[in-house]
Amino acid sequence: MSAVRDTPSLLRHSDFGLFWTARVFSTGCFQIISVVIGWQIYDLTRSALHLGLVGLCQFLPMLVLFIPAGHIADRFDRRTVVRCCQMVAGLTGAGLAFASWQGMISPAIIFAAAVVIGACRTFEMPTTAALLPMIVSPRQLPRALALSASAIQTATIIGPALGGLLYIVGPGPAYLFVACFYGLASILVSRLRILVPPAAREPATLKSVFSGFSFIRSRPIILGAISLDMVAVLLGGATALLPIYARDILHTNAFGLGVLRASPALGALSMSLILARWPLERRVGLKMFGAVAVFGLATIVFGLSSWFALSLPALVVMGAADVVSVVVRSTLVQLGTPDAMRGRVSAVNAMFVGTSNQLGEFESGLTAALFGPVEAVVLGGLGTILVALAWSRLFKSLRDADRFPSRSA
């Protein structure tokens, strides 16, 4: 059956539908709380460095917990792990709502909440990635990954704009909304049925805990794809400075900030739907490098723009280019990893790539504090292009990769 014909059957897959919707809710809540926290901390401090510190607070628990997170994803029911993460994140949102309503909110409380949210995502991200191959067939997995990316981008479009609107009403209602929808996501995940039975669990040894590293290191294509995405996102973390761009450069309000944050997701959603209908089949490595270079170029355009109408399409192009890299990397990782190790490998992948978003926010905030926001974004874009060129020489096997693996190892 062709890729085009098989996609609708996947969309009608009841468990994948539950998975997709739960991912929209969970990712949307994270996007809303990111907008509200960012705007609130900037309202309180007017400090670019404090914006960067929010990203650092989300990154540090990921750095500490990603190894046990992967091991837990491979040893326990992945649905239960995901649900627990969503429930704790929802309770954190409820706590922020209470603190905001009572006038108790402070940078310290926001930083503490960011740490908890970061810890929850450390466990949720690799477990969710490892859960998807258990509810769809191997033949459906590449398209499921693209459609899963569309869930993330749908939430990233709706979430920031909704977060901006809710913040106009007040941060308390925004945080309460997040708490409720994290709870709904948890309920949906509890209803998932497993198509592929869990693999036999390895004994808990020091070697098994760290085996994700050795597995990735032994496969240069996977190592190159993960590290390329990591460094590109680290250098291209312009979204951390969007509150500064919205208020001081583009002269817009909280809703405008939400629109800016949603723009990369609009491009990513469009591209993910295209890739779900017409999957990448040839020269996948070269296309990944080209997408990273386009991402860097669009970042430079955004950094130099002081015109809202130009900034938006630049962010859209950034999102479209980024999702090409994400789909290539995710497909290489999932199809090249046996199920018994998917949690640990996904955890290393999340550490290298997912946490680079938060570390990139800290890097952007620090650079902006030292040199200015425009200089920080432009330098990040230039660095991204240079990394793409360097990695194309360091990882020739990735650059020359023509097709995805046909099945899991």
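This write-up is about the structure you can find in this document.

Scoring rules and cut-offs
- Residues numbered from 1 in each chain as written.
- Predicted model: local features only at pLDDT ≥ 70, side-chain atom pairs only at ≥ 80, totals over all residues.
- Heavy atoms only, no water.
- Helix = DSSP H or I, 4+ residues; strand = E, 2+ residues; numbered from the N terminus.
- Rg over C-alpha atoms; globule rule 2.2 N^0.38 Å.
- Buried < 20%, exposed > 50% of the residue type's maximum accessible area, 1.4 Å probe, protein only.
- Contact = heavy atoms within 4.5 Å.
- Lys, Arg positive; Asp, Glu negative; His and termini not counted.
- Charge placed at Lys NZ, Arg CZ, Asp CG, Glu CD.
- Patch = residues over 30% accessible without salt bridge, like charges linked within 9 Å, V, L, I, M, F, W, Y side chains within 5 Å.
- Areas by Shrake-Rupley, 256 points an atom, 1.4 Å probe, with all protein chains shown as cover.
- Salt bridge = Lys/Arg side-chain N within 4 Å of Asp/Glu carboxyl O.
- Phe/Tyr/Trp six-rings, centres within 6.5 Å; stacked < 30°, edge-to-face > 60°.
- Expected span 1.5 Å × (residues − 1).

### Concerning the overall build of the chain
Each helix and strand counted, the chain has 17 helices and zero strands in total. By the compact-globule yardstick of 22 Å for 409 residues, the chain fits well, its C-alpha radius of gyration being 20 Å. Based on the C-alpha atoms only, the size of the chain along its principal axes is roughly 50 × 45 × 45 Å. Going through the 409 residues of the chain one by one, you find that 58% of them count as buried. When contacts within the chain are restricted to residue pairs at least 6 apart in sequence, long-range pairs at least 24 apart make up 90% of them. Treating the 31 positive side-chain charges of the chain as one cloud and the 17 negative ones as another, the clouds have centres 8 Å apart.

### Topic: a nonpolar patch on the surface
Judged by side-chain polarity, L49, L366, L370, F371, L379 and L382 come together as a nonpolar surface patch covering roughly 580 Å² of accessible area. Mapped onto the nonpolar patch, the elements with two or more residues apiece are α15 (342–371) and α16 (373–394). With three residues, α15 is the single largest residue contributor to the nonpolar patch. Structurally, the position occupied by L382 is in helix α16. A residue is classified by how much of its surface remains accessible, and L382, at 43% relative accessible area, is partly exposed.

### Comments concerning the environment of A179
Assignment of secondary structure puts A179 in helix α7 (residues 171–190). On a C-alpha basis, the gap between A179 and Q86 in space is 9.0 Å, while along the polypeptide they are 93 residues apart.

### With respect to the packing of aromatic side chains
What the rule picks out here adds up to six aromatic pairs. Residues F177 and F181 carry aromatic rings whose centres are separated by 4.5 Å and whose planes lie at 25 degrees to one another, so their mutual orientation is stacked. On the criterion of helical spacing, the pair formed by F177 and F181 is a turn pair, its members being four residues apart in helix α7. The exposure class assigned to F177 is partly exposed, which follows from its relative accessible area of 26%. Under the relative-accessibility criterion, F181 is labelled partly exposed at 24%. Pairwise contacts between aromatic rings join F25, F177 and F181 into one cluster.

### Considering the side chain of T27
Positionally, T27 belongs in helix α2 (residues 14–45). By relative accessible area, which is 10% here, T27 ends up buried. Not counting residues up to four positions away in its chain, the partners in contact with T27 are I152, A155 and T156.

### Here's the deal with helix α6 (residues 141–169)
For α6, which comprises 29 residues, the first-to-last C-alpha distance of 41 Å matches the rise-based estimate of 42 Å (1.5 Å per residue) to within 8%. Looking one or two residues beyond α6, the residue adopting positive phi is G170, at roughly 150 degrees.

### Concerning the side chain of T122
Structurally, T122 can be placed in helix α5 (residues 107–131). Residue class for T122 comes out buried when judged on its relative accessible area of 6%. With near-sequence residues (within four places) excluded, T122 lies in contact with P61, M62, L65, F66 and A69.

### What to know about the pattern of salt bridges
Evaluated as defined, the whole model comprises five salt bridges. The closest approach of N and O atoms between R46 and D43, which form a salt bridge, is 3.4 Å. On the basis of relative accessible area, D43 is assigned to the partly exposed category, the value being 32%. With a closest N to O distance of 3.0 Å, R79 and D77 form a salt bridge. Using a relative accessible area of 22% as the deciding quantity, one classes R79 as partly exposed. Look at the salt bridges and you will find they share partners, linking D43, R46 and R247 into a network.

### With respect to the environment of A113
Looking at where A113 falls in the secondary structure, it is placed in helix α5. Sequence spacing of A113 and L335 is 222 residues, and the spatial spacing of their C-alpha atoms is 35 Å.

### Some words on unusual backbone geometry
Its identity is not glycine, yet H251 carries a phi of approximately 55 degrees, on the positive side. Tracing the chain through its elements places H251 in the loop between α11 (242–249) and α12 (254–277). Look at H251 and you get exposed, because its relative accessible area is 62%. Even without glycine at this site, R283 takes up a positive phi of about 55 degrees. Its location among the elements puts R283 in the loop between α12 and α13 (284–304).

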